[in-house]
Amino acid sequence: MARFETKVLIIGAGPAGYTAAIYAARANLKPVLVTGIQPGGQLTTTTGVENFPGFAEAVQGPELMDQMRQQAEHVGTGIIYDTITSVDLSQDPIVAQGDSGDVYLADTLIIATGAQAKWLGRPGEADYSGYGISACAVCDGFFYRGKEVVVIGGGNTAVEEALYLTNHASKVTLVHRRDSLRAEPIMQDRLFAHSKIDVMWNTEIVAFLGKDQPSPRLTGLRLHDRTTGTESVIAVDGAFVAIGHDPATALFRGQLDMTDDGYIKISQWSTATSRKNVWSAGDVSDDRYKQAVVAAGMGCMAALEAEKYLADRASPAANRPPVGIPQLVA
């Protein structure tokens, strides 16, 4: 078991975590970033990324995250491939325990644990995720110009996704398993008034259908009509699962203020949480935009705020170099 001490501990290795690490390292804070179980976050399951600034051609999600990792290491971040299993924010320094048995002591903490889209778990969903199935219309809608797509869900997210997709798709079908939507009335009014959108009520997804040659591609959906009990198959070019997200905040429940949906609350125009030495960046607090570039911007904010806190505090720990930080290579 190893013991690591650092001025800035970052939990999470997505755009928010890596950007926070880059800024903290450039401020000579020698941050330690613990990757978690999925280094790179949600972008590691994404294919072409066309909306991240700086890439004239689409960049593959895993490649983008690997570039961020290399940049963070290059400027002096200690990256540790471990998963934090418990955190005690009441102590000073903060104490975090890794699944490896290692212990991390930190003057400040930046939480960048992200969120995961909720999936239906139906046959074919995992097979065609990224090959016609998406959980982000803003990310992937551009690829469906002039095509027919389906949005699955009935809340605000589903309605927003459906409306957004009308900017690209020739037809959008909202599939909902109930006979009424949960979305706000004004959002429903916009949906029902749009000429490109149809709604299939009382309908559940049985399976996602596709073909694997010459490359994987979604081709249709098998549906179950809950009213008649019958099944049918429809052809689609793309399907967007919009049933919500689960923020990765279990470690911090009871220690930080959170929303009813489990997102960590932060101050306006800040990433500050309810504890003075803890900041939260990216999808773990962002329940609205859920974009990599927004997460990266929040990571920058968190690092700058942590730097200012340490400078104002001017504690002995702020002048103490971290010990035992391994420089690991992926």
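A brief report on the enclosed structure follows. The structure presented is a predicted model; accordingly, all values stated were derived computationally and were not measured. (Residues numbered from 1 in each chain as written. Predicted model: local features only at pLDDT ≥ 70, side-chain atom pairs only at ≥ 80, totals over all residues. Heavy atoms only, no water.)

Once that is clear, we can look at the sheet that holds strand β13 (residues 197-200). If you trace the five strands from one edge of the open sheet to the other, you get β10-β17-β11-β12-β13, paired in parallel fashion. Each end of this open sheet is capped by a strand with a single partner; those strands are β10 (133-134) and β13. As paired elements, strand β11 (residues 148-152) and strand β12 (residues 171-175) share five bridges and run parallel to each other. Within β12, the residue paired with E148 across the bridge is K171. Its contacts with the sheet place helix α4 (residues 156-165) against β11, β12, β13 and β17 (238-241), and it is angled at close to 165° to β11. (Pairing = 2+ DSSP bridges. Helix = DSSP H or I, 4+ residues; strand = E, 2+ residues; numbered from the N terminus. Contact = heavy atoms within 4.5 Å. Axes fitted to C-alpha atoms, helices over the stretch in contact; angles between N-to-C directions.)

Turning our attention to the environment of D261. Structurally, D261 is set in the loop between β18 (245-247) and β19 (278-280). D261 sits in the exposed class, given a relative accessible area of 58%. Residues D261 and P247, spaced 14 residues apart in sequence, show a C-alpha to C-alpha distance of 8.2 Å. (Buried < 20%, exposed > 50% of the residue type's maximum accessible area, 1.4 Å probe, protein only.)

Further remarks concern the state of the cysteines. For the coordinates displayed, the defined rule picks out one disulfide. Residue C136 pairs covalently with C139 via a disulfide, S to S 2.2 Å. What sets the handedness of the C136 and C139 disulfide is the S-S torsion sign, and at about 70° it is right-handed. Residue C139 is classed as partly exposed on the basis of its relative accessible area of 26%. (Disulfide = S-S within 2.5 Å.)

Here the focus is the packing of aromatic side chains. Summed over the entire model, instances satisfying the criterion amount to six aromatic pairs. Seen from their ring centres, F142 and F143 are 6.5 Å apart, and the 75° between their planes marks the pair as edge-to-face. The interplanar angle of 75° and the centroid separation of 5.5 Å between the aromatic rings of Y144 and F240 together place this pair among those described as edge-to-face. One end of the pair, Y144, is in the loop between α3 (137-140) and β11; the other, F240, is in strand β17, and 96 residues separate them in sequence. F240 sits in the buried class, given a relative accessible area of 0%. The lysine or arginine in question, R145, covers the ring of F142, its NZ or CZ lying 4.0 Å from the ring centre. (Phe/Tyr/Trp six-rings, centres within 6.5 Å; stacked < 30°, edge-to-face > 60°. Lys NZ or Arg CZ within 6 Å of the ring centre and 35° of its normal.)

This brings us to a positive patch on the surface. On the surface, R122, R177, R178 and R182 cluster together into a patch of positive charge. With respect to the secondary-structure elements, R122 resides in the loop between β9 (115-117) and β10. Of the residues examined, R122 reaches a relative accessible area of 32% and is grouped as partly exposed. (Patch = residues over 30% accessible without salt bridge, like charges linked within 9 Å, V, L, I, M, F, W, Y side chains within 5 Å. Areas by Shrake-Rupley, 256 points an atom, 1.4 Å probe, with all protein chains shown as cover. Salt bridge = Lys/Arg side-chain N within 4 Å of Asp/Glu carboxyl O. Lys, Arg positive; Asp, Glu negative; His and termini not counted. Charge placed at Lys NZ, Arg CZ, Asp CG, Glu CD.)

Now for the nonpolar core. Counting residues in hydrophobic clusters, the biggest one holds 32 residues, and the most contacted among them are I10, Y18, L33, L64 and I110. Counting residues per element, the ones that place at least two in this core are β1 (3-11), α1 (15-26), α2 (61-74) and α6 (292-313). If you tally residues by element for this core, the top one is α6, at eight residues. With residues near it in sequence (within four places) discarded, I110 still touches V8, L9, I10, I11, A20, W279, A302, A303 and A306. (Core = buried A, V, L, I, M, F, W, Y, C linked by side-chain atoms within 4.5 Å.)

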